[in-house]
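Fold and geometry: a report
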Amino acid sequence: MPMTTERVLKQALQRNFGPAFDPAAVPEEARFIFEHPQLIAEEALAAAQVSGTASRRAPYRLLAGLYDSPRVNAGTLDLDPATSVVAISSRLPPALLHAVAVVTDQADAVTLMPRRDKAGRLVVGGPRRALTARRSGGPGLEVARTLAALQRSGDLKLAMLVYDLAIRFVVMHECMHIVMGHTGYVRRELGLSVLMEMGASRRNVLTTELSLALEFIADRHAVRGVAQWARSGRLGDNVESIPRDPSLSQSDFLHRALILALMTLLRLFPARASLSAAAGGSHPHPYARMRWLARELSEDLDGHAEVVRLILEPMAYWNASFERNFVSPGRWSAAMAEDQRVAADVPPVTDQSYVLITGHAKLWQTLLWSQYSPLFPGDGRDESGWGEPDRGRQA
Ligand SMILES: [Zn+2]
C-alpha cells in the first residue's frame, strides 16, 4: 500500500529535523517566543497557491513548525504534491534571545551603538561575555529565565524588538527558498519526492556557485522584506515606546536595530576561520553574508551619508565590540583581516565577491522563481499567464 502524504511528511520531518516540539508545553510566559517564528512563516506563506496545474487556484500547502534539533538552525522541506515545510529548531529561540539579551546589555540603548567614551572610542573592559548560555532545564525554561532577567534590567522592549527582527530574518530566509522556487527546483532536479533543503543532498545537484547564489537570493529578499516590514510601521506602539536618541528618526532607529539583530544572529553560527576556507561550502562565510546584507540594505537608503550613519558605522563598531567584548561561536577576526588585505586601489574581497554573486543571482533568480515556485496572487504571473497553462480562471 502506498504511504499517504501525511505519513511521508511525518517521517521526513522526524528524519531531518527530529521530533516535533510543542510550544504549548513550555511555561506560559515563554510561549510566544516559540510561537512567533511559526506565525511569521504562516503569515508569509498563507496566500501561496499551487502553480502550473489546472488546480492552481488551490492553496499550496505550507507548514511551519518547531522541532527538537540539537543545532541552532532552520530549514525547509519540500515534497509532492505541492507541500513545503519551514522547520525551526527549538534551540534557536532560546539561543537567539539569550544572545540578544547579552548584546543589548552592552549597547547604548538610545543609539543602538556599542558603549563608547566621550571621545567616541569603544569601551572595552571586564571579562568577555559569552553569547551562548549553558543549556539547562530545556528550551522553555531557558527562555523564561532570559525574559525574567530582561524584565529586571529594563531592556525587555528593546530586546524584543531585536529578537523579532532577527528571528523574522531567519524565517523569511527559509520562506524565500520556497517562494523563489529553490526547493522546488532542487527536489525536481534530484527526482525526489521529498527534499531536505539544508541537507547534504543538494551538493549532488548544485554547483558551489549555484548553492551560494541561492543563499544570497534568499538573504537579499529576506533582509529587504524585513526592513520594509519594519518601516511600514507594523511594529506599532512597541517601537514608539522605546526611548531613542533625538538625532534618530524611528526609521533610523529601526535600521540600527536590524543591523544589530543580523550581526548578533550571524555570530551564533560557527564559522570557518577564513573567507577562502568557506568559499567551497554551501553557505557563504557569515561575515561575507553580513557585508552583502549591508549592501542590499543600502539600496533603500538615501545617499552615502545615511549608509555610513545607519549601516557602516554601526557595523564597524559592533564588529570591534564583538571581537573585544564577547565570545561567540562565530569568530570573524581572520575573515575581517583577509577582507581588507588588498592593495590600496582594490575593493575589499567581499565587495569583489558581491559583484560576482549578484551576477549569479541575476542568472538564476527569475528562472527559478518563474518555473518552480508557488503562485502568489498579484505576483505578476497570475495576470500574464506566464508559465501557466491554465488561463481559464474566473474573474
Ligand atoms: Zn538557506
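Anything mentioned here points back to the structure above.
This section reports on the structure supplied with the text. (Residues numbered from 1 in each chain as written. Predicted model: local features only at pLDDT ≥ 70, side-chain atom pairs only at ≥ 80, totals over all residues. Heavy atoms only, no water.)

Let us now look at the overall build of the chain. Broken down by element type, the chain carries 15 helices and 8 strands. Counting every position in the chain, which comprises 395 residues, the buried fraction comes to 52%. Across the chain, contacts joining residues at least 24 apart in sequence account for 72% of those joining residues at least 6 apart. Approximately 18000 Å² of the chain is accessible, and the part contributed by carbon and sulfur atoms is 54%. (Helix = DSSP H or I, 4+ residues; strand = E, 2+ residues; numbered from the N terminus. Buried < 20%, exposed > 50% of the residue type's maximum accessible area, 1.4 Å probe, protein only. Contact = heavy atoms within 4.5 Å. Areas by Shrake-Rupley, 256 points an atom, 1.4 Å probe, with all protein chains shown as cover.)

Where a metal carries four tetrahedral donors, each ideal angle is 109.5 degrees; where it carries six octahedral donors, the ideal angles are 90 or 180 degrees. Donor atoms from the polypeptide that coordinate the zinc ion comprise His173 (NE2), His177 (NE2), Glu215 (OE) and Glu215 (OE), at 2.1 to 2.8 Å from the metal. With 4 donor atoms in place around the zinc ion and angles of 51 to 130° between them, the coordination shape is irregular. Of note, the donors binding the zinc ion are all from one chain and are spaced H-x3-H-x37-E. In this pair, histidine 173 and histidine 177 both sit in helix α5 (residues 156-179), 4 residues apart, roughly one turn of the helix. Both residues of the pair, histidine 173 and histidine 177, count as buried. (Donors = N, O, S within 2.8 Å, 3.2 Å for Na, K, Ca; no water. Tetrahedral: all angles 85-135°; square planar, octahedral: opposite > 155°, others 65-115°.)

For the rest of this paragraph, the subject is the packing of aromatic side chains. As enumerated under the stated definition, the model contains 9 aromatic pairs in all. Residues phenylalanine 21 and phenylalanine 34 carry aromatic rings whose centres are separated by 5.2 Å and whose planes lie at 40° to one another, so their mutual orientation is tilted. A residue pair is termed long-range when its members are at least 10 positions apart, and phenylalanine 21 in the loop between α1 (5-16) and α2 (31-45) and phenylalanine 34 in helix α2 qualify at 13 residues. Comparing phenylalanine 21 with phenylalanine 34, the two get one shared label, buried. Look at tyrosine 185 and tyrosine 372: their rings are 5.1 Å apart centre to centre, the planes differ by 75°, and that puts the pair in the edge-to-face class. With tyrosine 185 in helix α6 (residues 182-190) and tyrosine 372 in helix α14 (residues 349-372), this residue pair connects regions lying 187 residues apart in the sequence. Just as tyrosine 185 is buried, tyrosine 372 falls in that class too. Here arginine 116 stacks its cationic end above the ring of tyrosine 317, 4.5 Å away from the centre of that ring. (Phe/Tyr/Trp six-rings, centres within 6.5 Å; stacked < 30°, edge-to-face > 60°. Lys NZ or Arg CZ within 6 Å of the ring centre and 35° of its normal.)

Further remarks concern the pairing of strand β3 (residues 83-89). Look at any regular strand and the pattern is simple: side chains alternate between the two faces of the sheet. When you tally the buried positions in β3, you get 7 out of 7 residues, the bulk of the element. Because side chains alternate across β3, one face comprises the buried residues Thr83, Val85, Ala87 and Ser89, and the other comprises Ser84, Val86 and Ile88, equally buried. Strand direction decides the pairing type here: strand β1 (residues 61-67) and β3, joined by 7 bridges, are parallel. Within β3, the residue paired with leucine 66 across the bridge is isoleucine 88. As paired strands, strand β2 (residues 74-79) and β3 are joined by 6 bridges and run antiparallel to one another. The partner of threonine 76 across the bridge, within β3, is valine 86. Hairpin connection from β2 to β3: 3 residues lie between these consecutive antiparallel strands, with alanine 82 at a positive phi of about 45°. (Pairing = 2+ DSSP bridges.)

Formed by 100 residues in total, the largest nonpolar core has its most connected members in Leu96 and Leu161. When residues of this core are assigned to their parent elements, the largest contribution, 17 residues, is made by α5. Ignoring any residue separated from it by four or fewer positions in sequence, one finds leucine 96 in contact with Tyr163, Ala166, Ile167, Leu265 and Leu268. Membership of the second largest hydrophobic core comes to 9 residues, among which are Leu9, Phe17, Val85 and Ala87. (Core = buried A, V, L, I, M, F, W, Y, C linked by side-chain atoms within 4.5 Å.)

What follows covers unusual backbone geometry. In this structure, leucine 112 takes a positive phi of about 60° despite not being glycine. Here leucine 112 lies in the loop between β4 (107-108) and β5 (113-114). The class of leucine 112 is buried, set by a relative accessible area of 0%.

Okay, the environment of serine 232 next. Topologically, serine 232 is positioned in the loop between α7 (208-231) and α8 (237-240). Residue serine 232 is classed as partly exposed on the basis of its relative accessible area of 43%. Between the alpha carbons of serine 232 and serine 251 there is a distance of 9.2 Å; along the sequence they are 19 residues apart.

Here α5 contains 24 residues, and its C-alpha end-to-end distance of 33 Å stays within 8% of the 34 Å for a straight helix at 1.5 Å per residue. Phi turns positive, to about 85°, at glycine 181, one or two residues after α5. (Expected span 1.5 Å × (residues − 1).)

Looking at the element boundaries, alanine 44 is found in helix α2. When sequence neighbours within four positions are dropped, the list of residues in contact with alanine 44 reads Met172, Cys175 and Phe376.

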